[in-house]
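Each chain, letter by letter, is given below.
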Amino acid sequence: MKKSVVWFRNDLRLRDNEALYKAAKASDIVYPVYIFDPRMFRLTELGFPKTGGHRLKFLLEAVEDLRNSLQACGSNLVIRVGLPELILPELAARVGATALYCSKESLSEEQKVEIALEEKLNQMKVRMDSFWQHTLYHEEDVPWPIRQVPEVFTSFRKEAEKTVQVRAEFPTITELQPFTDIDAGKIPSCNDLGIREEESDPRGVLHFRGGEKEAWQRISYYFWEEDLLKNYKFTRNQLLGGDYSSKLSPWLSLGCISAKSVFHELKRYEQERKKNISTYWLFFELLWRDFFRFMAKKHGAKIFMINGLNEYSSEFSENHGLFEKWKNGETGEPFIDANMKELLLTGYMSNRGRQNAASYLMHDLGIKWTWGASWFENRLIDYDASSNWLNWAYIAGVGNDPRNGRQFNIESQTARYDPRGEYISHWLADAAISKSL
Ligand SMILES: Cc1cc2nc3c(=O)[nH]c(=O)nc-3n(C[C@H](O)[C@H](O)[C@H](O)COP(=O)(O)OP(=O)(O)OC[C@H]3O[C@@H](n4cnc5c(N)ncnc54)[C@H](O)[C@@H]3O)c2cc1C
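Residues numbered from 1 in each chain as written. Predicted model: local features only at pLDDT ≥ 70, side-chain atom pairs only at ≥ 80, totals over all residues. Heavy atoms only, no water.

As annotated in an unreviewed UniProt entry, the protein carries the name Cryptochrome DASH and is attributed to Fulvivirga sedimenti. Its UniProt record gives the protein the following Function (unreviewed entry) comment, quoted word for word: "May have a photoreceptor function." Among the UniProt annotations of the protein, the heading Sequence similarities (unreviewed entry) holds the following wording: "Belongs to the DNA photolyase class-1 family." (UniProt positions renumbered as here; feature names shortened; annotations may be inferred.)

Novice: I would appreciate a short explanation of the overall build of the protein in the present structure.
Specialist: A tally of regular secondary structure across the protein gives 18 helices and five strands. Principal-axis analysis of the C-alpha atoms gives the protein an extent of 75 × 50 × 45 Å. Considering the protein as a whole, with its 437 residues, one finds that 59% of them fall into the buried category. The contacts of the protein with a sequence gap of at least 6 include a subset with a gap of at least 24, amounting to 80%. Counting only carbon and sulfur atoms, one obtains 48% of the accessible surface of the protein, whose full area is about 18,700 Å². With 58 positive and 61 negative side-chain charges, the protein shows a spacing of 3 Å between the two charge centroids. (Helix = DSSP H or I, 4+ residues; strand = E, 2+ residues; numbered from the N terminus. Buried < 20%, exposed > 50% of the residue type's maximum accessible area, 1.4 Å probe, protein only. Contact = heavy atoms within 4.5 Å. Areas by Shrake-Rupley, 256 points an atom, 1.4 Å probe, with all protein chains shown as cover. Lys, Arg positive; Asp, Glu negative; His and termini not counted. Charge placed at Lys NZ, Arg CZ, Asp CG, Glu CD.)

Novice: Just checking my understanding: could you explain the side chain of His54 for this structure?
Specialist: Within the secondary structure layout, His54 lies in helix H2 (residues 53-72). Within the local environment of His54, its side chain forms a polar contact with the backbone oxygen of Leu344, the two atoms lying 3.2 Å apart. At 3.2 Å, the side chain of His54 forms a polar contact with the backbone oxygen of Leu345. Sequence-distant contacts of His54, that is, excluding residues within four places in its chain, are made with Glu198, Glu199, Ser200, Leu343, Leu344, Leu345, Thr346, Gly347, Arg379 and Ile381. (Polar contact = N/O pair within 3.5 Å; in protein donor to acceptor, adjacent residues only side chain to side chain.)

Novice: Whenever I open this one, the packing of aromatic side chains confuses me. Can you help?
Specialist: The description of two aromatic rings rests on the distance between their centres and on the angle between their planes. According to the stated counting rule, one finds 35 aromatic pairs in the structure shown. For the pair Tyr222 and Phe223, a centre-to-centre distance of 6.4 Å together with 55° between the ring planes defines the contact as tilted. In this pair, the class of Tyr222 matches that of Phe223, namely buried. Arranged with centres 6.0 Å apart and planes meeting at 80°, the rings of Trp288 and Phe291 form a pair that is edge-to-face. Taken together, the residues Trp288 and Phe291, both in helix H10 (residues 277-299) and three residues apart, mark about one turn of the helix. (Phe/Tyr/Trp six-rings, centres within 6.5 Å; stacked < 30°, edge-to-face > 60°.)

Novice: Which parts of the structure should I look at to understand the site of the ligand?
Specialist: Looking at the ligand, there are 26 residues lining it, with Tyr232, Ser245, Ser246, Lys247 and Asn351 nearest. In the model, an oxygen atom of the ligand is placed 2.6 Å from a nitrogen or oxygen of the Ser246 side chain. One of the side-chain nitrogen or oxygen atoms of Asn388 is found 3.3 Å away from a nitrogen atom of the ligand. Compared with its free state, where it exposes 820 Å², the ligand has 96% of that area covered by protein. Broken down by secondary-structure element, the contributors of at least two residues to the shell around the ligand are helix H8 (249-253), H10, helix H13 (351-364) and helix H15 (385-396). Class assignment for the residues of the shell around the ligand results in 12 nonpolar, eight polar and six charged. Residue-level mapping places the shell around the ligand at the junction of two domains, with at least three residues from each of domain 2 (135-166 + 213-299) and domain 3 (320-436). (Near = heavy atom within 4 Å. Nonpolar A, V, L, I, M, F, W, Y, C, P; charged D, E, K, R; others polar. Domains from an automatic or database assignment.)

Novice: Which parts of the structure should I look at to understand the nonpolar core?
Specialist: Looking at soluble globular proteins, one finds that nonpolar side chains tend to be buried together. Grouped together as the largest cluster of nonpolar side chains are 124 residues, with contacts concentrated most on Phe223, Trp326 and Trp369. If you tally residues by element for this core, the top one is H10, at 12 residues. Contact partners of Phe223, with chain neighbours within four places excluded, come to Leu228, Leu229, Val262, Glu265, Leu266, Tyr269, Arg273 and Leu282. With 22 residues, the next largest nonpolar core counts Tyr31, Ala92, Leu100 and Ile182 among its residues. (Core = buried A, V, L, I, M, F, W, Y, C linked by side-chain atoms within 4.5 Å.)

Novice: Is there a simple way to explain helix H9 (residues 259-272) in this structure?
Specialist: A rise of 1.5 Å per residue sets the reference length of H9, with its 14 residues, at 20 Å; its end C-alpha atoms lie 20 Å apart and thus fit the reference within 8%. If you check which residues of H9 are buried, you get Ala259, Lys260, Ser261, Val262, Phe263, Glu265, Leu266, Tyr269 and Glu270. If you follow the buried residues of H9, they end up packed against helix H6 (212-225), H8 and H10. (Expected span 1.5 Å × (residues − 1).)

Novice: Explain unusual backbone geometry to me, please; I cannot follow it from the model alone.
Specialist: Outside of glycine, negative phi angles account for most residues, and trans bonds account for most peptide bonds. Although it is not a glycine, Asp16 sits at a positive phi angle of roughly 50°. Position of Asp16 among the secondary structure elements: in the loop between strand E1 (3-8) and helix H1 (18-26). For Lys125, which is not glycine, the phi dihedral falls at a positive 60°. One can find Lys125 in the loop between helix H4 (108-123) and strand E5 (127-132).

Novice: Would you mind showing me how to read the domain arrangement of the protein here?
Specialist: A common way to express how large an interface is: the accessible area buried when the components associate. Assigned domains within the protein: domain 1 (1-133), domain 2 (135-166 + 213-299) and domain 3 (320-436). Summarising the inter-unit geometry, the C-alpha centres of domain 1 and domain 2 are found 25 Å apart. Opposite the 18 residues of domain 1 that make contact, domain 2 presents 20 residues. Summed over both sides, the interface of domain 1 with domain 2 buries roughly 1,700 Å², with 51% coming from carbon and sulfur. Taken as a group, Asp16, Phe58 and Trp132 account for 38% of the area that domain 1 buries against domain 2, more than any other trio of residues on that side. Linking domain 1 to domain 2 there are four salt bridges. Counting every contact that joins domain 1 to domain 2 gives 12 residue pairs in polar contact (both at pLDDT 80 or more). Partitioned by chemical class, the residues of the side of domain 1 that touches domain 2 number six nonpolar, five polar and seven charged. (Buried area = accessible area lost by both parts, 1.4 Å probe. Salt bridge = Lys/Arg side-chain N within 4 Å of Asp/Glu carboxyl O.)

Novice: I keep staring at the state of the cysteines and nothing clicks. Help me out?
Specialist: The term disulfide refers to a covalent linkage connecting the sulfur atoms of a pair of cysteines. Across all of its chains, the model carries zero disulfides by this definition. With no disulfide of its own, Cys102 has Cys256 as its nearest cysteine by sulfur position, at a separation of 18 Å. Cysteine Cys190 is unpaired, with the sulfur of Cys256 as its nearest cysteine sulfur at 16 Å. Its relative accessible area of 3% is what places Cys190 among the buried residues. (Disulfide = S-S within 2.5 Å.)

Novice: Sorry if this is basic, but what is going on with the pattern of salt bridges here?
Specialist: Between side chains of opposite charge, pairing is possible as soon as their charged atoms come close. This structure, assessed with the given rule, holds 36 salt bridges. Across the salt bridge formed by Asp37 and Arg39, the nearest N and O atoms sit 2.8 Å from each other. By relative accessible area, which is 11% here, Asp37 ends up buried. Glu109 is paired through a salt bridge with Lys50; the nearest N and O atoms lie 3.9 Å apart. Residue Glu109 is found in helix H4, and its partner Lys50 is found in the loop between strand E2 (29-36) and H2; the two are separated by 59 residues along the sequence. Judged by its relative accessible area of 40%, Glu109 falls in the partly exposed class. Through salt bridges with shared partners, a single ionic network connects Asp37, Arg39 and Glu85.

The structure is reproduced here in structure tokens:
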């Protein structure tokens, strides 16, 4: 009887999941596992945990949804809390598995875990098969070895668009053999993981809920029922409500839906409904996500460093008092404060808000951009290490921006994107009133 372990990471789905699909095809019994790694919840040097309440809640919902889906297939999801490189070899030995399947991550910390795990599994003669699953483009299909992936987005996009095809989706697994020889374990609560539970503020853009089903409901709403995709390019810079952008990022970051699936659904929409600049633009934005993922693989731990990718250094202060004000939406600059309140109270902020809030922290307040990136890491329900840290580095001028950084003029951005102060008063009723007096 062939047994294998499938280690779920940021790929919490059944549809288009190469690791699960290949394990199911090659084995009689599959043991799906998710591990809550305590390193995700440790305190940063700034005194807050790496993962905050909103982000953890979304993750717990996604794990629960995956467990329900696996149960509906006849199987289950084994849950553990601890270090994957220790737990997985023990589990493989216990059930007599001869192979472990998982997604390949591209960031330095996760890669270290993969290397340690593979060493242990090799000693036990358990094969480890890992798959590149996070992006639209497969790493083996792009026309450059990782060291030569272009540093400028436009060069990356133009060459990739010409030469690379997005691969087909893997079929969805619908049936798996049950197992009863190990305890599946309980999904921990926020409290069990030492994180304060946080309820999302009802003023948020959407009631986000983790899980594959919710991801597909969002596609269904945004693409098909409301037909919002056809205007995406012209609405994507707005700030209020659920409809101005796809809001797919939280599900994409945990892999509740694959970027490939979004792409194929987009192509179907273009064939059946409409093909225009907006449909292209959603693809264009997804290419930014791919680009940052390839950059993170190319540059490793440098993406987290104050001097970034190009070793260009500039002076930043470590003013904790001002940083606290920024975090809490109390700087006195209404547009920034409104955005920071939204982030604090919901775990989401628009792309326009993120660009302004980041620029304000580093260029106006002069505070270390890495502090801001850490706070976003704690808050964002769509936190994705490569997209987060490399967007921050880009604005700081130490990333992939050929223009050496961006400073946003907050006054003109407010006038352009919130001309009637509706967004500001949505989040800061008092501040908007006092400014207009
Ligand atoms: C300082 C800063 C930090 C950010 N941190 C993150 C992060 O941790 N996780 C994250 O997913 N995005 C991050 N972004 C990118 C972007 O703001 C979000 O992806 C977007 O706001 C999510 O909303 P949406 O799904 O409605 O986006 P849409 O406008 O609908 O875009 C569709 C998808 O394209 C991708 N995308 C769009 N813009 C970008 C971008 N600039 N960089 C990379 N991918 C992009 C996302 O996957 C997004 O879901 C950050 C941007 C900035 C400026």
